[in-house]
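Analysis of the macromolecular model
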Amino acid sequence: MKPNAMNLKQAQQALAEGEVSAVELTQACLDQAAAAEGQLNALVTICADQALEEARRADEQRRQGSDKRLLGIPVVIKDNICTRGVLSTAASKMLSNYTPVYDATVVERLKAEGAVIVGKANMDEFAMGSSTETSYYGTARNPWNPECVSGGSSGGSAAAVAADEGIFALGSDTGGSVRQPAAFCGVVGLKPTYGTVSRYGLMAFASSLDQIGPLTKTVEDAAEVLSVIAGHDPRDSTSAITEYPDYGRGMKDGIEGLRVGLPKEYLSQDVDPQVMASYENAIRLLRELGAQIVETSLPTFDYALSAYYIIASAEAASNLSRYDGIRYGFRASDYEGYRDMYKRTRTEGFGSEVKRRIMLGNYVLSAGYYDAYYLKALRVKTLIRRDFARVFADCDVLLSPAAPTPAFRLGAKATPLEMYVNDLFTVPVNIAGNCALTLPSGVTDDGLPLSVQLISDAFAENTLLRAAWNLERALGFSARPALGTGKEEAQ
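Summarised in this report is the structure supplied together with it. (Residues numbered from 1 in each chain as written. Predicted model: local features only at pLDDT ≥ 70, side-chain atom pairs only at ≥ 80, totals over all residues. Heavy atoms only, no water.)

All right, on to the overall build of the chain then. Tallying secondary structure elements over the chain gives 17 helices and 13 strands in all. Judged by the C-alpha coordinates and their principal axes, the chain covers about 65 × 55 × 45 Å. Sequence-distant contacts in the chain: of pairs separated by 6 or more residues, those separated by 24 or more amount to 75%. Of the accessible surface of the chain, which amounts to about 18,400 Å², a share of 48% is contributed by carbon and sulfur atoms. If the 48 positive side-chain charges of the chain are averaged to one point and the 59 negative ones to another, these points end up 5 Å apart. (Helix = DSSP H or I, 4+ residues; strand = E, 2+ residues; numbered from the N terminus. Contact = heavy atoms within 4.5 Å. Areas by Shrake-Rupley, 256 points an atom, 1.4 Å probe, with all protein chains shown as cover. Lys, Arg positive; Asp, Glu negative; His and termini not counted. Charge placed at Lys NZ, Arg CZ, Asp CG, Glu CD.)

Written as structure tokens, this is what we have:
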């Protein structure tokens, strides 16, 4: 096995036992990026020199006895998370020249534990999309089939992990943007409870929904990364003031008696037959592991997608008003007066999907429509949260498909509505603020990964991780993509 094909736990052990150095591991990731990026386009920026220098320091610290959790581990960071001294563009022309002077809190925490940043991941512009086709830098393609999308908006993060360009990655999840690309690329994607991971240094899309989460090769790796990045941050007013557990504690205990709910509304949707077969297989395996399967209902499910796009667009319109060409970022070169400059800058600097959502957001916030749309969507949000609270009084976790279909071909979704439906199974979790995880559950006849989603109550990550770890073991998923370096070993 090539070093970069290892998962996080394997890499930690190999580094600790001296089987590989941080420099060798980092170089292997950089070599893979050099070989695969021509087809993948998963990375916006590759930090080769900086990464190798950080790896050399990590090796020296290890020789001196350091026991940092992520010492020498190469990581990829989504490009809407600020990294000091490294371009952070949110895959937008508007920020194509923006280099932050500070690190996001999650980046600070990764660096404090010795992680090595090898690159910034491609994404849908300002995290608005489900396929990474809205990126100013071009589409991030799927390592399993480069003619297919990698999902979105964290498509570059998912593709980079699946193709072994990093040991793990960070993404952001506003309506499924960690979980759906993880599902499309055959990796694990964890969306923590809202407020568990600081948003300081995350370029805001929809502030009441955004949450940073890890994309990893295993459930155990996801728990390890979450243990590093979670915790209260006084710089984030929405950061939860609570006791943060040791994530993964009890993860390997059995799940006999665990109550697994199957929301009937999820099963009434138009779902690809192979997705449904994979979902039914997961139900069977959970039952064999001793879980108690319970049929349940989320009556507000049918309203979640509409409410999400109203709330998210309204918050996006407000958050993106700061990009005016005056303070930082792109500025149009040909204009007459500041009003014309403002108009031309935003017209030229934003892509069509971002402009679509800004216009929708301004519309639902405008006089005469605020009550009819935005206020009503907020009321639906309350009802959705109540629905989940009621369900979790009787269930420990919920199981659903991760997405209605496997990864689709580039350009296959011709209209915005066709694209938005990809978020059908993931957006309710963001609205409710709960935690959820997607993990690979099989492969289609065409060789694309299939995944299922597990959902748990707010701050119940350890229950979620225990269910996911046991299901992962039962599924025994070991397939690797053509552009991953571990394919030969898996065969």
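With that out of the way, let us pick up the side chain of threonine 300. Locating threonine 300 in the fold gives a position in the loop between β10 (292-296) and α10 (301-319). Under the relative-accessibility criterion, threonine 300 is labelled buried at 11%. Among the polar contacts listed, one links the side chain of threonine 300 to the side chain of aspartate 387, at a separation of 2.7 Å. Setting aside chain neighbours within four positions, we find threonine 300 in contact with Leu383, Ile384 and Asp387. (Buried < 20%, exposed > 50% of the residue type's maximum accessible area, 1.4 Å probe, protein only. Polar contact = N/O pair within 3.5 Å; in protein donor to acceptor, adjacent residues only side chain to side chain.)

Another point: the pattern of salt bridges. Within the structure shown, the criterion is met by 22 salt bridges. Salt-bridge contacts for aspartate 324 lead to arginine 327; the nearest nitrogen and oxygen are separated by 2.9 Å. Aspartate 324 sits in the buried class, given a relative accessible area of 9%. Given a relative accessible area of 57%, arginine 327 falls into the exposed group. With its nearest N and O atoms 2.3 Å apart, the salt bridge here joins arginine 356 to glutamate 353. (Salt bridge = Lys/Arg side-chain N within 4 Å of Asp/Glu carboxyl O.)

For the rest of this paragraph, the subject is the state of the cysteines. As enumerated under the stated definition, the model contains 0 disulfides in all. With no disulfide of its own, cysteine 47 lies closest to cysteine 29 among cysteine sulfurs, the gap being 13 Å. Judged by its relative accessible area of 7%, cysteine 47 is buried. (Disulfide = S-S within 2.5 Å.)

Here we come to helix α13 (residues 370-391). Every α-helix carries 3.6 residues per turn, so stepping three or four residues along brings you back to the same face. Helix length check: α13, at 22 residues, gives a terminal C-alpha distance of 31 Å against a target of 32 Å (1.5 Å per residue), a fit within 8%. Bending of α13 peaks at approximately 25° at the position of lysine 376. When α13 is considered as a whole, its buried residues turn out to be Tyr374, Ala377, Val380, Lys381, Ile384, Asp387, Phe388 and Val391. Where the residues of α13 are buried, they touch β10, α10, α12 (352-365), β11 (397-401), α15 (427-432) and β13 (449-456). (Expected span 1.5 Å × (residues − 1). Bend = angle between axes of the 7 residues up to and from the residue.)

To continue, consider the packing of aromatic side chains. If you walk through the whole model with that rule in mind, you get 19 aromatic pairs. Centroid distance tyrosine 266 to phenylalanine 301: 4.6 Å. Interplanar angle 40°. Geometry classified as tilted. Placement of the pair is tyrosine 266 in helix α8 (residues 264-267) and phenylalanine 301 in helix α10, with a sequence separation of 35 residues. Given the relative accessible area of 0%, tyrosine 266 is considered buried. Owing to a relative accessible area of 5%, phenylalanine 301 belongs among the buried residues under this scheme. (Phe/Tyr/Trp six-rings, centres within 6.5 Å; stacked < 30°, edge-to-face > 60°.)

We now examine the packing of helix α9 (residues 273-288) against helix α16 (residues 461-475). Their axes nearest at 10 Å, the elements α9 and α16 cross at an angle of 105°. When the axis of α9 is compared with that of α16, the two are roughly perpendicular. Here Asn281, Ala282, Leu285 and Leu286 of α9 come into contact with α16, specifically with Leu471, Ala474 and Leu475. For the contact of α9 with α16, the class distribution of residues is 6 nonpolar, 1 polar and no charged. (Axes fitted to C-alpha atoms, helices over the stretch in contact; angles between N-to-C directions. Parallel < 35°, antiparallel > 145°, perpendicular 65-115°, else oblique. Nonpolar A, V, L, I, M, F, W, Y, C, P; charged D, E, K, R; others polar.)

A few words now on the nonpolar core. Counting residues in hydrophobic clusters, the biggest one holds 154 residues, and the most contacted among them are Leu110, Phe126, Leu399 and Leu471. Counting residues per element, this core draws most heavily on α10, which supplies 11 residues. (Core = buried A, V, L, I, M, F, W, Y, C linked by side-chain atoms within 4.5 Å.)

For threonine 89, the location among the structural elements is in the loop between β2 (74-78) and α4 (105-112). Excluding residues within four positions of it along the chain, threonine 89 makes contact with Val44, Asp79, Leu95, Ser96 and Tyr137.

The strand order across the open sheet built from 11 strands is β1-β3-β2-β6-β8-β7-β12-β13-β11-β9-β10, with neighbouring strands paired in mixed fashion. Whereas interior strands pair on both sides, the edge strands pair on one side only; in this sheet they are β1 (43-46) and β10. Between one strand axis and the next, the sheet turns through 25° on average, direction left out of account. Note: strand β9 (residues 259-263) against β10, 5 bridges, orientation parallel. When the bridges of β10 are listed, leucine 262 appears paired with glutamate 295. Taken strand by strand, helix α7 (residues 219-229) contacts β6 (168-172), β7 (188-191), β8 (212-216) and β12 (435-443), and its axis lies near 145° from that of β8. (Pairing = 2+ DSSP bridges.)

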